[in-house]
Amino acid sequence: MAARAKAVDKRPLERLRERIVTGDRGWFFANIADRVSERRLEMNLSQRELAELCGTTQSIARLERGGRPPRIDTLLRIAEALDCDLHVDLVPRG
């Protein structure tokens, strides 16, 4: 049980580093989650306030802790509410 408590306490950036090391492609969403959390706190918004600004019923808490990845339209609304641009890029490998 102590190991589970320790895993819950990890910050999104720490989870991101672990995912990169293990080769998990979830790093992409972990990075977004960390950025959303940082910007929300910079703007002194609660998770509930951000959800209301976005007009979404999706849990911001779930997004920030790395739960199910959000849909792109939800990410666009979150970016707008946080006064940010959302950039997604496809880069050929190799």
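The structure under discussion appears in the preceding block.
Residues numbered from 1 in each chain as written. Predicted model: local features only at pLDDT ≥ 70, side-chain atom pairs only at ≥ 80, totals over all residues. Heavy atoms only, no water.

### As for the overall build of the chain
- Scanning the chain from N- to C-terminus turns up six helices and zero strands.
- Each helix (α) and strand (β) of the chain, taken in turn from the N terminus, gives the series α-α-α-α-α-α.
- Burial analysis of the chain (94 residues in total) assigns 30% to the buried set.
- The long-range share in the chain, meaning contacts at least 24 apart out of those at least 6 apart in sequence, stands at 42%.
- About 7200 Å² of surface is accessible on the chain, with carbon and sulfur atoms providing 52% of the total. (Helix = DSSP H or I, 4+ residues; strand = E, 2+ residues; numbered from the N terminus. Buried < 20%, exposed > 50% of the residue type's maximum accessible area, 1.4 Å probe, protein only. Contact = heavy atoms within 4.5 Å. Areas by Shrake-Rupley, 256 points an atom, 1.4 Å probe, with all protein chains shown as cover.)

### Some details on the nonpolar core
- Within the largest apolar cluster, 13 residues are counted, with the highest numbers of intra-cluster contacts made by V36, L50, C54, I60, L63, I78 and L82.
- Counting residues per element, the ones that place at least two in this core are α3 (27–42), α4 (47–54), α5 (60–64) and α6 (72–81).
- Sequence-distant contacts of L82, defined by excluding residues within four places in its chain, comprise V36, R39, R40, M43, L45 and L50. (Core = buried A, V, L, I, M, F, W, Y, C linked by side-chain atoms within 4.5 Å.)

### Regarding the pattern of salt bridges
- All told, the structure shown has five salt bridges when counted by the stated rule.
- One salt bridge connects E64 with R40, and the closest N-O pair in it is separated by 2.7 Å. With E64 in helix α5 and R40 in helix α3, this pair connects stretches of sequence that are 24 residues apart.
- Look at E64 and you get buried, because its relative accessible area is 8%.
- Judged by relative accessible area, R40 falls into the buried class, the value being 7%. (Salt bridge = Lys/Arg side-chain N within 4 Å of Asp/Glu carboxyl O.)

### Quick word on unusual backbone geometry
- Phi at N44 takes a positive value of approximately 55°, unusual for a residue other than glycine.
- Following the sequence through the fold, N44 ends up in the loop between α3 and α4.
- Backbone geometry places D83, a non-glycine residue, at a positive phi of 55°.
- With respect to the helices and strands, D83 occurs in the segment after α6.

### Points about α3
- With 16 residues, α3 should reach 22 Å at 1.5 Å per residue; the first-to-last C-alpha distance of 22 Å fits that figure.
- Those residues of α3 that sit buried are A30, I32, A33, D34, V36, S37 and R40.
- Just past α3, the residue N44 takes up positive phi, approximately 55°. (Expected span 1.5 Å × (residues − 1).)

None of the figures reported here should be taken as evidence of function without further support.
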